[in-house]
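What follows is the residue order along each chain.
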Amino acid sequence: MSFIAFEPSPPSSPPAPAAAVVENDGWYVDIQLSQMRDAERLDGTVTEVRLRQAVVAAILHVNNELRDWKLEQIAAGYTSLAAVPADRVDRESVLIAHYRRAVYCWAKADLTERYRDFDSTASSLNDKKTMDVLDDAPSDQRRNAHWAITNIIGRSHMTVELI
């Protein structure tokens, strides 16, 4: 009996990774996934596919919230969010900074809810402080997203109604 070993065929090249950018509608800015990871302290636990899915959902939500405002800006002749007159910080329109924050926060809220079971180890389940932080984190992120949206449209953060 003889044994003949053949050289394994070279592995096929891995599929090209999806672009690390979620393209927006052309009026709002595109979202760089690596910048969001850095800004929101997301590690490799959140896969690229799940991050992309959360960002797409966040963009859809924020764009919907800003729909009427965007139509007003387009009617005024502005061809993009960057073209709308606004103050600048770090060489960028504050409107773009607020938009990006709204998307980041909304996506992070979604991810935090979806990964809560991962973060809730047996030892942390007994720690009320840890559980309170996990319970409040998504609502805090959504609040920050709403504040960023209200900053864009020029509305105050608080609405008071008389009963």
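Quick notes on the rules
- Residues numbered from 1 in each chain as written.
- Predicted model: local features only at pLDDT ≥ 70, side-chain atom pairs only at ≥ 80, totals over all residues.
- Heavy atoms only, no water.
- Helix = DSSP H or I, 4+ residues; strand = E, 2+ residues; numbered from the N terminus.
- Buried < 20%, exposed > 50% of the residue type's maximum accessible area, 1.4 Å probe, protein only.
- Contact = heavy atoms within 4.5 Å.
- Areas by Shrake-Rupley, 256 points an atom, 1.4 Å probe, with all protein chains shown as cover.
- Expected span 1.5 Å × (residues − 1).
- Polar contact = N/O pair within 3.5 Å; in protein donor to acceptor, adjacent residues only side chain to side chain.
- Core = buried A, V, L, I, M, F, W, Y, C linked by side-chain atoms within 4.5 Å.
- Lys, Arg positive; Asp, Glu negative; His and termini not counted.
- Salt bridge = Lys/Arg side-chain N within 4 Å of Asp/Glu carboxyl O.
- Phe/Tyr/Trp six-rings, centres within 6.5 Å; stacked < 30°, edge-to-face > 60°.
- Lys NZ or Arg CZ within 6 Å of the ring centre and 35° of its normal.
- Arc of directions from axis to C-beta.

1. A closer look at the overall build of the protein
A count of helical and extended segments in the protein gives 7 helices and 4 strands. Listing every helix and strand of the protein by position from the N terminus yields β-β-α-α-α-β-β-α-α-α-α. Split into buried and exposed, the 163 residues of the protein put 33% on the buried side. For the protein, contacts bridging at least 24 residues in sequence account for 66% of all contacts bridging at least 6. Accessible surface computed for the protein: about 11,200 Å², of which carbon and sulfur atoms make up 54%.

2. Quick notes on helix H4 (residues 94–114)
With 21 residues, H4 extends 30 Å between its outermost C-alpha atoms, agreeing within 8% with the 30 Å of an ideal straight helix rising 1.5 Å per residue. Regarding H4, its N-cap is Ser93, as a side-chain oxygen of that residue lies 3.1 Å from the backbone nitrogen of Leu95 further along.

3. Details of the nonpolar core
Counting residues in hydrophobic clusters, the biggest one holds 34 residues, and the most contacted among them are Leu51, Val55, Trp69, Leu81, Tyr99 and Val103. Of all the elements in the fold, those that place two or more residues in this core are helix H1 (33–40), helix H2 (48–65), H4 and helix H7 (128–153).

4. Comments concerning the environment of His98
The residue His98 is located in helix H4 in this model. Here His98 falls in the partly exposed class, since its relative accessible area comes to 23%. Counting along the chain gives 50 residues from His98 to Ala148, while the straight-line C-alpha distance between them is 4.9 Å. Apart from residues no more than four positions distant in its own chain, His98 is found in contact with Ala148, Asn151 and Ile152.

5. Describing the side chain of Glu40
Here Glu40 lies in helix H1. At 4.0 Å, Lys108 is the nearest oppositely charged side chain to Glu40, a buried residue that forms no salt bridge. Residues within four places of Glu40 in sequence aside, it is in contact with Tyr104, Lys108 and Gln141.

6. Comments concerning the packing of aromatic side chains
Within this structure, the stated rule accounts for 3 aromatic pairs. Taking 5.0 Å as the distance between ring centres and 85° as the angle between the ring planes, the aromatic pair formed by Trp27 and Tyr28 counts as edge-to-face. By the burial criterion, Trp27 is buried, and Tyr28 matches it. Ring geometry for Trp27 and Trp69: centres 6.0 Å apart, planes at 75°, overall edge-to-face. Here Trp27 is found in the loop between strand S1 (21–22) and strand S2 (31–32), whereas its partner Trp69 is found in helix H3 (residues 67–75), with 42 residues between them in sequence. We note Arg142 situated over the ring of Trp106; from NZ or CZ to the ring centre the distance is 5.0 Å.

7. What about H1?
Taken as a whole, H1 has its buried residues at Leu33, Met36, Arg37 and Glu40. Along the axis of H1, the buried positions cluster into a sector of 100°, meaning they face one direction only. One or two steps after H1, the chain reaches Arg41, where phi turns positive at roughly 55°.

8. A few points about the environment of Val55
Secondary-structure assignment places Val55 in helix H2. Beyond its immediate stretch of four places on either side in the chain, Val55 contacts Val22, Ile31, Leu33, Met36, Val103 and Ala107.

9. Examining the side chain of Thr112
Along the chain, Thr112 falls in helix H4. Look at Thr112 and you get buried, because its relative accessible area is 14%. Polar contacts involving the side chain of Thr112 include one to the main-chain carbonyl oxygen of Lys108, which spans 2.7 Å. Leave out the neighbours within four places in its chain, and Thr112 touches Ala137 and Pro138.

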